[in-house]
Amino acid sequence: QQQASSQAEGRATNENQSTIPWYSKYQGPITIVLVLTIIGLVAALVAVLVNKNSSDNDGGSNKALAAPQPASSPVDPPSISFPTSRPTGTGQPTLLFEATIKKLAPLSGEEVFKDNSSPQYKAAKWIAEQDLLDLDIDDPRFEQRYIMALFYYAMDGDNWKQNQKWLSSKSECEWFGIDGFSAGCGGEDVGGCIKQSDDVGDYDRICRIGMGRLNNLYGQIPSELGQLSEMRYIEIQDDYVTGTIPESLGSWTKLHTLLLGGNFLEGGFPETFEDNEMLGTIFIDRNKFDGSFPNAIATLKNLEWLDAENNTFVGTMPDGIGNLKSLRILNVNNNSLTGYLPDSWDEKNAIEDFEVQDNKFRGPLPESLAKAKWLKDFRASRNQLTGAIPTSYYGFESLEELYLDENDFVGELPQTAEPFYGGLQELSIHSNKFSGRFPVEHFEDTLRIKVLSLHNNDLTGIISTNICDRRDASLAYTQLNVLTVDCDKMTCSCCTCYEDGQLVTGTGS
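Residues numbered from 1 in each chain as written. Predicted model: local features only at pLDDT ≥ 70, side-chain atom pairs only at ≥ 80, totals over all residues. Heavy atoms only, no water.

1. Remarks on the pairing of strand β1 (residues 208-213)
Counting buried residues in β1 gives five out of six residues, a clear majority hidden from the surface. Pairing analysis gives four bridges linking β1 to strand β3 (residues 233-237), with the strands arranged parallel. Looking at the pairing, Ile209 lines up with Ile234 of β3. (Buried < 20%, exposed > 50% of the residue type's maximum accessible area, 1.4 Å probe, protein only. Helix = DSSP H or I, 4+ residues; strand = E, 2+ residues; numbered from the N terminus. Pairing = 2+ DSSP bridges.)

Have a look at this one:
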């Protein structure tokens, strides 16, 4: 029995041993190997990171560190004693920006820089932190470049039709509208600035702003432009310039051309332009000026051309206008001017074109105007003028266009052959009280006459066949385009007829 029991225990032991997995005896060594492998991998990864960081640090002297750009909300810049270069971020005002404001405050005032939507703030921000030219704050051109950036922001430069090179790294002398040539200003390799060889100006100073017409400028002219002391020429026409002409522009003592026509400017013309000895051309037509006619105009002794039509200027025209001997063209049509026409003309006047239509001038025509021997075009229609045409006017030899309609003139036209008739191309005297016979014979032998507007008067006479033949359209340049009479008072087979002040339909051609 004992032997049988021992044999049974041996079999049980053998059976138990056969149920234990074969790899159990290797479990301990395998675990040790896995742990050591993981430790090795971690150590290798740490070594790689340490080596990379060390490599970046070693290369720092040869490679600029790029500052991270802020996301939706900017962060404060690092605190430094004073910036040595412009920052790359767009956070709170930097010390360089603050130094820029301090520099520009005497020019623009301090208050405008407290408003981050003002053009002054935007221009200062740009030149301090974004301008790739990176002028030193003490550079002589720093303020000039700021002023032109201010002009860009004040006049909605992003929406101009042409704004090439504006706010670029190029010199402001090369920006569109500045780059170019005007008398005494600009040239090859200097853009719209004074040349170094120019002994009448400061080198590298802007002397022209020529934005042309229809360039979509919108806004008010910054008064800071007055600091551009070398300005000779400015043109911003047929755009959306609003506000007033800054008085500071009167400090442009070298300005010879001011072209601001076709905008929305209002107020008056600055008296600060008084006695400007260079100003020769002024276009302020088609605006909304509503102040008194500027007395300063009469002090511009070298003025040659003034176009101020289609405004609402009031008051009288200074008699000193006649003292402007170089004045060739004077156009104040369609304003609200009153008083008498200037009567201080003489033989030295160069006036060729004198236009005062659609105002409220009263009284007789100025006798002295007959002395202006170069006068070609005189237009005084739709005023409150009275009296007869002065007999001294019969001596006009250069007169080509005479418009006196819709006034209260009386008297007869000269019956004798006069120089007055020799050059006339357009004679419009309708809607007055002229009387007597119309001297048709003085118009029969000329091919120059294009307009004869005679209706609504008390004129009599016969329009001859010779004159009617001039209405032939095939005559082209020599055709008589307009021929109107009172057909109940004058005989005419080819005229456009009026009766009792009304147009008779079906007449004329």
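2. Some thoughts on the packing of aromatic side chains
Going through the model one piece at a time under the given rule, you end up with 23 aromatic pairs. Between the aromatic rings of Phe97 and Tyr121, the centroid separation amounts to 5.2 Å while the plane-to-plane angle is 80°, which identifies the pairing as edge-to-face. Taken together, the residues Phe97 in helix α3 (residues 95-108) and Tyr121 in helix α4 (residues 119-129) connect sequence positions 24 residues apart. In this structure Tyr121 comes out as buried when scored by relative accessible area, which is 16%. Seen from their ring centres, Trp166 and Trp175 are 5.0 Å apart, and the 40° between their planes marks the pair as tilted. In terms of burial, Trp166 and Trp175 fall into one category: buried. The structure contains a cluster of three or more aromatic residues connected by ring pairs, namely Trp126, Phe151, Tyr152, Tyr153, Trp160, Trp166 and Trp175. Taking the ring centre of Phe97 as reference, the NZ or CZ of Lys125 above it sits at 4.7 Å. (Phe/Tyr/Trp six-rings, centres within 6.5 Å; stacked < 30°, edge-to-face > 60°. Lys NZ or Arg CZ within 6 Å of the ring centre and 35° of its normal.)

3. Topic: a negative patch on the surface
Together, Glu271, Glu274, Asp275 and Glu277 give the surface a local cluster of negative charge. Summarising the element assignment, Glu274 is placed in the loop between β6 (266-267) and β7 (281-283). (Patch = residues over 30% accessible without salt bridge, like charges linked within 9 Å, V, L, I, M, F, W, Y side chains within 5 Å. Areas by Shrake-Rupley, 256 points an atom, 1.4 Å probe, with all protein chains shown as cover. Salt bridge = Lys/Arg side-chain N within 4 Å of Asp/Glu carboxyl O. Lys, Arg positive; Asp, Glu negative; His and termini not counted. Charge placed at Lys NZ, Arg CZ, Asp CG, Glu CD.)

Read these as geometric descriptors, not functional statements.
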